[in-house]
Amino acid sequence: MEASSSGITNGKTKVFHPEGGVDLQGYQLDMQILPDGPKSDVDFSEILNAIQEMAKDVNILFDELEAVSSPCKDDDSLLHPGNLTSTSDDASRLEAGGETVPERNKLNGLYFRDGKCRIDYILVYRKSNPQIEKREVFERNIRAEGLQMEKESSLINSDIIFVKLHAPWEVLGRYAEQMNVRMPFRRKIYYLPRRYKFMSRIDKQISRFRRWLPKKPMRLDKETLPDLEENDCYTAPFSQQRIHHFIIHNKETFFNNATRSRIVHHILQRIKYEEGKNKIGLNRLLTNGSYEAAFPLHEGSYRSKNSIRTHGAENHRHLLYECWASWGVWYKYQPLDLVRRYFGEKIGLYFAWLGWYTGMLFPAAFIGLFVFLYGVTTLDHCQVSKEVCQATDIIMCPVCDKYCPFMRLSDSCVYAKVTHLFDNGATVFFAVFMAVWATVFLEFWKRRRAVIAYDWDLIDWEEEEEEIRPQFEAKYSKKERMNPISGKPEPYQAFTDKCSRLIVSASGIFFMICVVIAAVFGIVIYRVVTVSTFAAFKWALIRNNSQVATTGTAVCINFCIIMLLNVLYEKVALLLTNLEQPRTESEWENSFTLKMFLFQFVNLNSSTFYIAFFLGRFTGHPGAYLRLINRWRLEECHPSGCLIDLCMQMGIIMVLKQTWNNFMELGYPLIQNWWTRRKVRQEHGPERKISFPQWEKDYNLQPMNAYGLFDEYLEMILQFGFTTIFVAAFPLAPLLALLNNIIEIRLDAYKFVTQWRRPLASRAKDIGIWYGILEGIGILSVITNAFVIAITSDFIPRLVYAYKYGPCAGQGEAGQKCMVGYVNASLSVFRISDFENRSEPESDGSEFSGTPLKYCRYRDYRDPPHSLVPYGYTLQFWHVLAARLAFIIVFEHLVFCIKHLISYLIPDLPKDLRDRMRREKYLIQEMMYEAELERLQKERKERKKNGKAHHNEWP
């Protein structure tokens, strides 16, 4: 039996077996196997009666029996029945209560004055604006396209005029067909293959066991919130000729509000405002100031006096606020279908990606926390930290010129223990895990995106041929060539002109990167100068922790420089992108995105790269220090290593950056909206706020960022870089990112629902250029983590000592007992009399033993001063260097092989989705054939009744 021919529904989905049976809680209804083709008729009334008799005993409620034509809910039917404003049930309820639908619609600010025409789009202009003629021509052409228009003046400022636009059914249908808007025409039928009895028994046992388990707390409660029930229908491009195929209960609600706004915006983009081929479109009028704003309306208030659990949602905005943007549901999954319905596919994909990224951070955060806790539990057994804490007789050389004193190695006991928390035996495993995690995250996101694209009808969607940017037209209007797609003449940019502009833009990018390097150089000079200042400070706390104080203040100053340069980079990126003269908006957006990411990535990570790979690597040795401009001695690492500096850099920058971003995303719009409301209250009194129509409320909200979702994506991509690139030095980075993202999702949701005007719903198939950037970061993270483990941490020197120089040398062991004597072996001896005059410390070290010191120790592998080649590199240094290079090569090749193997083994399209797509294609063909056949049969019967039958009719 074909699944498209018959079936039982419970109001949500239907399950069919290939044998023609339908399972109903233990009952099975055997149905006649239909012959090939749709010509057979089935007596569905007898089947329905039989099913209802069986359902009486088991208390099952059957909604309906769907055969050829099965209804599917319209958009507004997701709302509570008592709060609908456009369905027939709501109309009858209101009329019975003495209030008609138009009267109520007049009050909610979503309709024209007659209460019947829904507002699909709002244009705002000022009467004092001189572009009167352009607006008049534009609005006259709007009416010519069939759109209905109504104007209202602002209650706050009479100079502000709101133009309300409504698209009648005929206009919506005509342009929906042109835009290939997909609309529902049948409820989906899910096909399940037959299972063996053994597997069925196992499923029954599992289902019984699940009854005793608690319900998943993260899932949205669809029983308490029935409004979350989703449509599940097959869709097809809308066609007026085949309008009888589509499920239309109410023409006013057939196209949802987001689709209506998108159609109206599409019309406005193609309406002329002046004579001339380039004088067309709403965007140009917004650019030249003819209109001040253009936006679709929010669907009413996001708050309600009544509980959503008892009275239902007032509107979709209220529903989104309660089940998505409210802080009380921070632990629940996102209602992505509702987000997509209200804001469009592009914004829905962003939140789908953000939710997927946050979910994938859970295993990374857990493993990172495990690595940190492993360091905590093994701290008392760490031989290296024990030796550092017990080394009271080892005197270290000063870390700066003159003012820095000699110090006991045991004074850095705390730093040695903190370093062990992040640099322990599990660090290498975690670095490999994170490299594999980044690949798995991207590969499974491809699969998740494919499922979303299928569910949201984006598989076959292709972007329309984009319009040329007005700036490009104005610049190259004199030279034209034929567009190979549209066949129309369009402005053309010569190849030489394009190359010259790209060269200038690349030079600008290189110059700005040099500015970043100069800023890092300034931070390096600050660190070099300040460490001596802090070493001579009056407060003992700062004097004894001069290196930590230097690092902390340098990181804070670096953060301030980063934020200031970000403002400069945005302006420079805008200038360079406009200089390139991209042809379309998507090309402009991709070029601007790449520049801004490159600028901010280098700006954010340049100082981190310096600390990880350059700090303390090129300082020379006591008596022969390398100096900056032959004046300042380069900064050395702490006696416990450079990893503690890298941890501080990452921790402070990550926390401060995320805190600042969250404030700017939510706090700034909140303050702006509060200030606007305050001015209104002062001028017109607090009672006037209640009488404001919806278009006035939305106009007083903040517009969405001019670059769309750019800032949201950029923040998360930079965080992804912090989470993966230096994760070997800071295993808690995924945990901090996870905590931030849990807050970020609700902050962004709250901002979109309550603080911003409703953005225009736009479509997209994926996250665009950001996916390529993520792949690049994943590759870079493998290289940087290999260098962090090999160069920054002490993992390789410890390994070489354990197998070659320690007590277990030649035995093939590397436990803690094999690390005895490692600290002494990693320190070289320096004769104090060999100090340069400008480096010689003021103290002679007599406070340690009562007599002036003759020797001090420093971190390096060099010969003692009395050897044949004083202070030359030892054999252990070359062994360690060779081991480091070998580890980098082996680590990179191993991890890259694992990444490519995982990419090969994980298909981009899930197998069940591929089968569903093939099945759906087959069923849609059958359904369209059946519907067309039914129409022809009806026409044939009508002809027979009218006596106009023909002999050559088909079928």
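Residues numbered from 1 in each chain as written. Predicted model: local features only at pLDDT ≥ 70, side-chain atom pairs only at ≥ 80, totals over all residues. Heavy atoms only, no water.

Looking at the overall build of the protein
Turning to step 1, where the next piece is worked out: Counting secondary structure elements, the protein contains 31 helices and 22 strands.
Turning to step 2, where the next piece is worked out: Taken over 955 residues, the protein has a buried fraction of 50%.
Turning to step 3, where the next piece is worked out: Within the protein, contacts between residues separated by at least 24 positions form 76% of all contacts whose residues are at least 6 apart in sequence.
Turning to step 4, where the next piece is worked out: With the model as given, the accessible surface of the protein reaches about 47,000 Å², and the carbon-plus-sulfur share is 58%. (Helix = DSSP H or I, 4+ residues; strand = E, 2+ residues; numbered from the N terminus. Buried < 20%, exposed > 50% of the residue type's maximum accessible area, 1.4 Å probe, protein only. Contact = heavy atoms within 4.5 Å. Areas by Shrake-Rupley, 256 points an atom, 1.4 Å probe, with all protein chains shown as cover.)

A few points about the state of the cysteines
Turning to step 1, where the next piece is worked out: Per the counting criterion, the structure on display carries three disulfides.
Turning to step 2, where the next piece is worked out: Between the sulfur of C389 and that of C413 lies a disulfide, 1.9 Å long from S to S. Looking down the S-S bond of the C389 and C413 bridge, the torsion is 80 degrees, so its handedness is right-handed. In this pair, C389 sits in helix 14 (residues 383–390) while C413 sits in helix 15 (residues 413–422), placing the two residues 24 residues apart along the sequence.
Turning to step 3, where the next piece is worked out: Given the relative accessible area of 23%, C389 is considered partly exposed.
Turning to step 4, where the next piece is worked out: Owing to a relative accessible area of 15%, C413 belongs among the buried residues under this scheme.
Turning to step 5, where the next piece is worked out: Here C808 pairs with C818 through a disulfide, and the sulfurs are 2.1 Å apart. Of note, the bridge from C808 to C818 carries an S-S torsion of about -85 degrees and is left-handed in sense. (Disulfide = S-S within 2.5 Å.)

Observations concerning the pattern of salt bridges
Turning to step 1, where the next piece is worked out: This structure, assessed with the given rule, holds 26 salt bridges.
Turning to step 2, where the next piece is worked out: For the salt bridge of K151 with E139, the shortest nitrogen-to-oxygen distance reads 2.8 Å. You can see K151 sitting in strand 7 (residues 148–153) and its partner E139 sitting in helix 4 (residues 132–144), a full twelve residues away along the chain.
Turning to step 3, where the next piece is worked out: Residue class for K151 comes out partly exposed when judged on its relative accessible area of 33%.
Turning to step 4, where the next piece is worked out: Two residues, K938 and E934, come together in a salt bridge whose shortest N-O distance is 3.7 Å. (Salt bridge = Lys/Arg side-chain N within 4 Å of Asp/Glu carboxyl O.)

Considerations on the sheet that holds strand 6 (residues 121–126)
Turning to step 1, where the next piece is worked out: Strand order in the open sheet formed by four strands is 7-8-6-12, and the pairing between neighbours is antiparallel. Among the strands making up the open sheet, the edge pair consists of strand 7 and strand 12 (293–295). Neighbouring strand axes in the sheet, compared pairwise and without regard to direction, differ in orientation by 20 degrees on average.
Turning to step 2, where the next piece is worked out: Here strand 7 pairs with strand 8 (residues 160–166) via six bridges, running antiparallel. Its bridge partner being in strand 8, M149 is matched across the sheet by L165.
Turning to step 3, where the next piece is worked out: Relative to strand 6, helix 4 is tilted by about 160 degrees, and along the sheet it contacts strand 6, strand 7 and strand 8.
Turning to step 4, where the next piece is worked out: Packed on one face of the sheet, helix 8 (residues 257–268) meets strand 6 and strand 8 and runs near 50 degrees to strand 6. (Pairing = 2+ DSSP bridges. Axes fitted to C-alpha atoms, helices over the stretch in contact; angles between N-to-C directions.)

Some words on the packing of helix 16 (residues 427–455) against helix 24 (residues 710–725)
Turning to step 1, where the next piece is worked out: Two elements in contact, helix 16 and helix 24, have axes separated by 9 Å at closest approach and are oriented at 145 degrees. Residues M434, W437, A438 and F441 of helix 16 pack against F720, T723 and T724 of helix 24.
Turning to step 2, where the next piece is worked out: Of the residues in the contact of helix 16 with helix 24, the class split is five nonpolar, two polar and no charged. (Nonpolar A, V, L, I, M, F, W, Y, C, P; charged D, E, K, R; others polar.)

Considerations on the packing of aromatic side chains
Turning to step 1, where the next piece is worked out: Per the stated rule, a full pass over the model turns up 51 aromatic pairs.
Turning to step 2, where the next piece is worked out: Between R758 and the ring centre of Y342, over which it is positioned, the NZ or CZ distance is 3.8 Å.
Turning to step 3, where the next piece is worked out: Here R862 stacks its cationic end above the ring of Y873, 4.2 Å away from the centre of that ring. (Phe/Tyr/Trp six-rings, centres within 6.5 Å; stacked < 30°, edge-to-face > 60°. Lys NZ or Arg CZ within 6 Å of the ring centre and 35° of its normal.)

Section: helix 24
Turning to step 1, where the next piece is worked out: If you check helix 24, its first and last C-alpha atoms are 22 Å apart, about what 16 residues at 1.5 Å a residue would give, namely 22 Å.
Turning to step 2, where the next piece is worked out: Helix 24 sits mainly inside the fold: 15 of its 16 residues count as buried. (Expected span 1.5 Å × (residues − 1).)

Notes on unusual backbone geometry
The bulk of non-glycine residues show a negative phi, and the bulk of peptide bonds are trans.
Turning to step 1, where the next piece is worked out: For N180, which is not glycine, the phi dihedral falls at a positive 55 degrees.
Turning to step 2, where the next piece is worked out: Residue N180 is classed as partly exposed on the basis of its relative accessible area, which comes to 48%.
Turning to step 3, where the next piece is worked out: Located in the positive-phi region is Y871, a residue other than glycine, with phi close to 60 degrees.
Turning to step 4, where the next piece is worked out: Tracing the sequence through the fold places Y871 in the loop between strand 22 (855–859) and helix 30 (875–905).

Observations concerning the packing of helix 5 (residues 169–178) against helix 8
Turning to step 1, where the next piece is worked out: Running from N to C, helix 5 and helix 8 point in directions that differ by 75 degrees, and their axes come no closer than 10 Å. Between helix 5 and helix 8, the interaxial angle falls into the category roughly perpendicular. The segment helix 5 lies against helix 8, with V171, L172, Y175 and A176 engaging R260, I263, H266 and I267.
Turning to step 2, where the next piece is worked out: Along the lines of polarity and charge, the residues of the contact of helix 5 with helix 8 split into six nonpolar, one polar and one charged. (Parallel < 35°, antiparallel > 145°, perpendicular 65-115°, else oblique.)

A word on the environment of K251
Turning to step 1, where the next piece is worked out: Summarising the element assignment, K251 is placed in helix 7 (residues 251–254).
Turning to step 2, where the next piece is worked out: Overall, K251 belongs to the partly exposed group, its relative accessible area being 44%.

Points about helix 13 (residues 345–377)
Turning to step 1, where the next piece is worked out: With 33 residues, helix 13 ought to run about 48 Å at 1.5 Å a step, and its terminal C-alpha atoms sit 48 Å apart, in line with that.
Turning to step 2, where the next piece is worked out: The principal kink in helix 13, of about 30 degrees, is found at F362, preceding the proline P363 by one to four residues. (Bend = angle between axes of the 7 residues up to and from the residue.)

Considering the side chain of K899
Turning to step 1, where the next piece is worked out: Looking at the secondary structure, you find K899 in helix 30.
Turning to step 2, where the next piece is worked out: At 8.2 Å, E443 is the nearest oppositely charged side chain to K899, a buried residue that forms no salt bridge.
Turning to step 3, where the next piece is worked out: With sequence-adjacent residues up to four places away left out, K899 is seen in contact with A435, T439, G778 and V782. (Lys, Arg positive; Asp, Glu negative; His and termini not counted.)

Thoughts on a nonpolar patch on the surface
Turning to step 1, where the next piece is worked out: Together, W660, F663, M664, Y668, I671, W674 and W675 make up an exposed nonpolar region whose accessible area comes to about 720 Å².
Turning to step 2, where the next piece is worked out: Under the relative-accessibility criterion, W675 is labelled partly exposed at 42%. (Patch = residues over 30% accessible without salt bridge, like charges linked within 9 Å, V, L, I, M, F, W, Y side chains within 5 Å.)

Side note on the environment of M596
Turning to step 1, where the next piece is worked out: Here M596 shows up in helix 21 (residues 585–613).
Turning to step 2, where the next piece is worked out: Setting aside chain neighbours within four positions, we find M596 in contact with Y569, E570, A573 and F710.

Some details on the confidence of the model for the protein
Do not read the predicted coordinates in detail wherever pLDDT is low.
Turning to step 1, where the next piece is worked out: Across the protein, the average pLDDT comes to 77, with 79% of residues at 70 or higher.
Turning to step 2, where the next piece is worked out: Contacts from residues 1–98, a stretch scored under 50 in pLDDT, to residues over four places away or in other chains number 186 contacts.
Turning to step 3, where the next piece is worked out: Per-residue pLDDT stays below 50 along residues 949–955; that stretch engages in nine contacts with residues further than four places along the chain or on separate chains. (pLDDT = per-residue confidence, 0-100.)

With respect to the side chain of E345
Turning to step 1, where the next piece is worked out: In this structure, E345 sits in helix 13.
Turning to step 2, where the next piece is worked out: Accessibility expressed as a relative area gives 7% for E345, which makes it buried.
Turning to step 3, where the next piece is worked out: When neighbours within four sequence positions are excluded, E345 is seen to be in contact with R340, W456, L458, S762, R763 and A764.

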